[in-house]
Amino acid sequence: MKYEWLDSYLLAKSGAEHDYKVEWGWDRYMVRGKLFAATMGAPQGMKDEQYNGHPLMNLKCDPGRSELLRAEFPDILPGFYCDKKTWIAVRLDGALPDDLVKELCDDSYRLIVEKLPKYVQKEILDEKQG
């Protein structure tokens, strides 16, 4: 994987948790049980060539922004086995700049945290400051 720093970057987020979903072969990154990122390998021989055999990361994304990103960057695809409107898949063997990948991770985390109850958001903010 090109982005060796990715695991530590995702886990450094306040309240971030990690697990491995054996049935799917996914490393999942969550905050309070809500998925904000997942890394996986797409199997070889898939009908959809854009995913075929690539290491991927799914991230939550604003639907309008995801369309613009997919139009501009060939390594950003519709979410892999996720809602194709609100999730994107990033090829981890592609040519995306580190700063863009970090920005997309940050946005995904923010979108998930914003949907949590206000008291949970406050707890997460307090963890970050403490």
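Everything numeric in this text was worked out from a predicted model, so none of it was measured.

Digging into the environment of Tyr81
Phase 1: In this structure, Tyr81 sits in the loop between β5 (76–78) and β6 (87–91).
Phase 2: Each C-alpha atom of the pair Tyr81 and Asn58 lies 8.9 Å from the other, and the pair is 23 residues apart in sequence.

What about the packing of aromatic side chains?
The description of two aromatic rings rests on the distance between their centres and on the angle between their planes.
Phase 1: This model, assessed by the stated rule, comprises six aromatic pairs.
Phase 2: Seen from their ring centres, Tyr3 and Trp5 are 5.8 Å apart, and the 75° between their planes marks the pair as edge-to-face.
Phase 3: On the numbers, 5.2 Å between centres and 50° between planes, the contact of Tyr51 with Phe80 is tilted. Of this pair, Tyr51 sits in the loop between β3 (34–41) and β4 (55–60) while Phe80 sits in the loop between β5 and β6; the two residues are 29 residues apart in sequence, bridging distant segments of the chain.

Topic: the side chain of Asn58
Phase 1: Counting through the fold element by element, Asn58 comes out in strand β4.
Phase 2: For Asn58, a relative accessible area of 0% gives the class buried.
Phase 3: Here the side chain of Asn58 touches Phe80 through a polar contact of 2.7 Å, landing on its backbone oxygen.
Phase 4: Discounting chain neighbours no more than four positions away, the residues touching Asn58 are Trp26, Phe36, Ala37, Ala38, Met40, Gly79, Phe80, Cys82, Trp87, Ile88 and Ala89.

Quick word on the nonpolar core
Phase 1: Core analysis: the largest hydrophobic core is formed by 28 residues, its most contacted members being Leu6 and Phe36.
Phase 2: Looking at this core element by element, the count peaks at seven residues for helix α3 (residues 98–115).
Phase 3: In terms of nonpolar packing, the next biggest core, distinct from the first, is built from 14 residues, Met30, Leu35, Trp87 and Ala89 among them.

A look at the environment of Glu4
Phase 1: By secondary structure assignment, the location of Glu4 is in the segment before α1 (6–11).
Phase 2: Each C-alpha atom of the pair Glu4 and Ala42 lies 18 Å from the other, and the pair is 38 residues apart in sequence.

Scoring rules and cut-offs
- Residues numbered from 1 in each chain as written.
- Predicted model: local features only at pLDDT ≥ 70, side-chain atom pairs only at ≥ 80, totals over all residues.
- Heavy atoms only, no water.
- Helix = DSSP H or I, 4+ residues; strand = E, 2+ residues; numbered from the N terminus.
- Phe/Tyr/Trp six-rings, centres within 6.5 Å; stacked < 30°, edge-to-face > 60°.
- Buried < 20%, exposed > 50% of the residue type's maximum accessible area, 1.4 Å probe, protein only.
- Polar contact = N/O pair within 3.5 Å; in protein donor to acceptor, adjacent residues only side chain to side chain.
- Contact = heavy atoms within 4.5 Å.
- Core = buried A, V, L, I, M, F, W, Y, C linked by side-chain atoms within 4.5 Å.

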